[in-house]
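One-letter residues, chain by chain:
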Amino acid sequence: MKYGTDILKQADVLAAFTEDAPQLTRTYLSKEHKQAGAYLIGLMRDAGMTAGFDPLGNIVGRYEAGVPFAPVVMTGSHQDSVRNAGRYDGLFGILSPIACVKELNRQHKRLPYALEIVGFGDEEGVRFPATLIGSKAMAGLFDPAWLDKTDASGVTMRQAINDFGGDAEKWCELDRRNGAPNSAHGEVVAFVESHIEQGPVLLNDGLAVGVVTAIAGATRLRVTVTGLAGHAGTVPMGARQDALTAAAEMVLFVESYCTQNAGLVGTVGIMSVKPGAVNVIPQDVEFTIDVRSSEDSLRADAINAINAEFTVIAKRRNVVVVTNVFFSSNAAPCDAGLQAQFAQAINAHGITPRYLPSGAGHDAMVFPAVAPTAMLFVRCGNNGISHHPDETMTAEDAEVATSVLLHFFENYQPPQFSASSAQRVDRQI
Ligand SMILES: [Zn+2]
């Protein structure tokens, strides 16, 4: 096997860079991020690339084009993980293109564009209250206000970046010098990401790979319901202002609405109840809602319906409800032309192209604002389980996906590009 066995071995090496062995957890700007980055930089250099950390801790490798003033095709995924993660989420999208470059370099083959592989420092948002930090930075969407956000130990992102050996101010200065957002990377003509599916669709269809049509948008809300505490033995049922029973109705409404309207998924994943005593009527309940759809209008309708129904429930139950959106991202459609090129690469491997949307968020979702974007999904074993140590990928599937990705890279023709627009910012790689 040309690529698959090596990629799985490399994923095993990377899984050992963890903050809580034997589980796998690797957060942004941790010691283990640095170790994983150093390992990946070594692989990139061995494959024939220049490589290093950028000022925010992103791992960036570059395989030069065969022609001067060539544009850039960017590919990559995230190095960070959720807590107690699987080992292929994110990492496959870094390791797979490195294997492609290694093969191109072995054949002394250059492309009509520079290929940049990025291991984004943060995508999952586990350490700081922000997500997609690395990819947003690469897309010119880094928000300097994030630097003052703190982790659970009170360390600011600015401090963590500097402790890592990075330079937050330098990044902001580079962004400022290049003017409007995105201009720093305006020469990027395409972004592609390969990623484990994290669901069971390809597995159920018996397919190793598939083409992503769009990445679902998401809205996350924090809901507080305020009632009135009282003695569980003395307050009559009809006279209660029970925040938990009101919240229970609200949770079931989210489920029924998203079940009845195809194309939506809705989840309540966190709930807290106070005062939290067996003999006290609940007064304060807080919970989160996560609603996703690949159609933004469906998601907007769902949020409106949720707010309207929650108001009705609160009024009827004599409690106060407040909802706050704390995260929102629009659906990111994948480029039709790039989807067709991935389909062609899949066909060339004797596999019928399967098109599917991504319910999970990915680094690729920030790039449509900058350049045409596409994603290749790889089959996820074990009923499609992911964000979990039972996540699996076979060496055979890693082989097919890498071969498809290489076919794509070898056949992609960048649009005509003028030398004057090929100026690029020095990202210190
Ligand atoms: Zn991922």
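All figures in this text were calculated on a predicted structure; none of them were measured in a lab.

This part takes up the overall build of the protein. For the protein, the count of helices and strands is 11 helices and 14 strands. Here the C-alpha radius of gyration of the protein, 23 Å, is about what a compact globule of 429 residues would show, namely 22 Å. Principal-axis analysis of the C-alpha atoms gives the protein an extent of 80 × 50 × 45 Å. Classification of the 429 residues of the protein by burial places 47% in the buried group.

Right, let's get into the domain arrangement of the protein. The domain boundaries assigned to the protein delineate domain 1 (4-216 + 331-422) and domain 2 (217-329). Here the C-alpha centre of domain 2 lies 36 Å away from the C-alpha centre of domain 1. The interface of domain 1 with domain 2 comprises seven residues on the first partner and nine residues on the second. The residue inventory of the side of domain 1 that touches domain 2, partitioned by class, reads five nonpolar, two polar and no charged.

This next bit is on the packing of helix H10 (residues 336-347) against helix H11 (residues 395-411). When two helices pack together, their arrangement is given by the angle between the helix axes and by the axis-to-axis distance. At a minimum axis separation of 9 Å, H10 and H11 run at an interaxial angle of 125°. On the basis of the axis angle, H10 is oblique to H11. Both H10 and H11 take part in a crossing whose hand is right-handed. On H11, the residues that touch Gln-341, Phe-342, Ala-345 and Ile-346 of H10 are Val-404, His-407, Phe-408 and Asn-411. Looking at the contact of H10 with H11, its residues break down into five nonpolar, three polar and no charged.

Glycine aside, residues mostly have negative phi, and peptide bonds are mostly found in the trans state. Here the bond from Ala-21 into Pro-22 is cis, since omega is 5°, no more than 30 degrees from zero. You can see Pro-22 is positioned in the loop between helix H1 (4-15) and helix H2 (31-46). A cis geometry characterises the amide bond from Lys-274 onward to Pro-275, with omega recorded as 5°. Here Pro-275 shows up in the loop between strand S9 (271-274) and strand S10 (284-293). Of note in this structure, His-108 is not a glycine but carries a positive phi near 55°. Positionally, His-108 belongs in the loop between helix H3 (92-106) and strand S4 (114-120).

What follows concerns the pairing of strand S1 (residues 50-53). The alternating pattern of S1 places Ala-51 and Phe-53 on a buried face, while none of Thr-50 and Gly-52, on the opposite face, is buried. Sheet topology note: the S1/strand S2 (residues 59-63) ladder contains four bridges and is antiparallel. From the neighbouring strand, Gly-52 faces S2, where its bridge partner is Val-60. Between S1 and S2, which follow one another and run antiparallel, lie five residues, and Gly-57 among them has a positive phi close to 90°.

Attention now moves to H1. Under the 1.5 Å per step criterion, the end-to-end length of H1 is 17 Å for 12 residues, consistent within 8% with the ideal 16 Å. Buried within H1 are the following residues: Gly-4, Ile-7, Leu-8, Gln-10, Leu-14 and Ala-15. Viewed end-on, H1 has its buried residues packed into an arc of 160°, placing them on one side of the element. Residues Lys-9, Asp-12 and Val-13 are exposed on H1 and point more than 90 degrees away from its buried face. Along its buried surface, H1 packs onto H2, H3 and H11.

Bringing the environment of Gly-42 into the picture now. Summarising the element assignment, Gly-42 is placed in helix H2. On a C-alpha basis, the gap between Gly-42 and Val-60 in space is 11 Å, while along the polypeptide they are 18 residues apart.

The share of residues in the protein with pLDDT of 70 or more is 94%, and the mean pLDDT across the chain is 93. For the stretch residues 179-186, pLDDT sits under 50, and the model shows 17 contacts to residues farther than four places along the chain or on other chains. This stretch, residues 420-429, has a pLDDT under 50; its non-local contacts, to residues over four places away or in other chains, come to 20 contacts.

Once that is clear, we can look at the environment of Ala-239. Along the chain, Ala-239 turns up in the loop between strand S7 (217-226) and helix H8 (243-260). The class of Ala-239 is exposed, set by 10 C-beta atoms lying within 10 Å.

For the rest of this paragraph, the subject is the packing of H1 against H3. At a minimum axis distance of 10 Å, the contact between H1 and H3 shows a crossing angle of 135°. As the angle between them shows, H1 and H3 are arranged oblique. Handedness of the H1/H3 crossing: right-handed. The segment H1 lies against H3, with Asp-6, Ile-7, Gln-10 and Ala-11 engaging Leu-95, Ser-96 and Ala-99.

What follows covers the environment of Arg-106. With respect to the secondary-structure elements, Arg-106 resides in helix H3. Take Arg-106: there are 10 C-beta atoms within 10 Å of it, and that puts it in the exposed class. In this structure the C-alpha to C-alpha distance between Arg-106 and Ala-47, which are 59 residues apart in sequence, comes to 8.3 Å.

Quick look at the nonpolar core now. The biggest cluster of nonpolar side chains holds 120 residues, and the ones touching the most others in it are Met-44, Ile-98, Leu-115, Val-209, Leu-376, Ala-401 and Val-404. Considering every element that reaches this core, the biggest residue donor is H11, with eight residues. For this core, the domains that each give at least three residues are domain 1 (4-216 + 331-422) and domain 2 (217-329). In this structure Ile-98 touches Leu-43, Met-44, Ala-47 and Ile-117, once residues within four positions along its chain are discounted.

Criteria and cut-off values
- Residues numbered from 1 in each chain as written.
- Predicted model: local features only at pLDDT ≥ 70, side-chain atom pairs only at ≥ 80, totals over all residues.
- Helix = DSSP H or I, 4+ residues; strand = E, 2+ residues; numbered from the N terminus.
- Rg over C-alpha atoms; globule rule 2.2 N^0.38 Å.
- Buried ≥ 20, exposed ≤ 12 C-beta atoms within 10 Å, placed from the backbone.
- Domains from an automatic or database assignment.
- Contact = placed C-beta atoms within 7 Å.
- Nonpolar A, V, L, I, M, F, W, Y, C, P; charged D, E, K, R; others polar.
- Axes fitted to C-alpha atoms, helices over the stretch in contact; angles between N-to-C directions.
- Parallel < 35°, antiparallel > 145°, perpendicular 65-115°, else oblique.
- Left-handed = near helix turned anticlockwise from the far one by under 90°.
- Pairing = 2+ DSSP bridges.
- Expected span 1.5 Å × (residues − 1).
- Arc of directions from axis to C-beta.
- pLDDT = per-residue confidence, 0-100.
- Core = buried A, V, L, I, M, F, W, Y, C linked by C-beta atoms within 7 Å.

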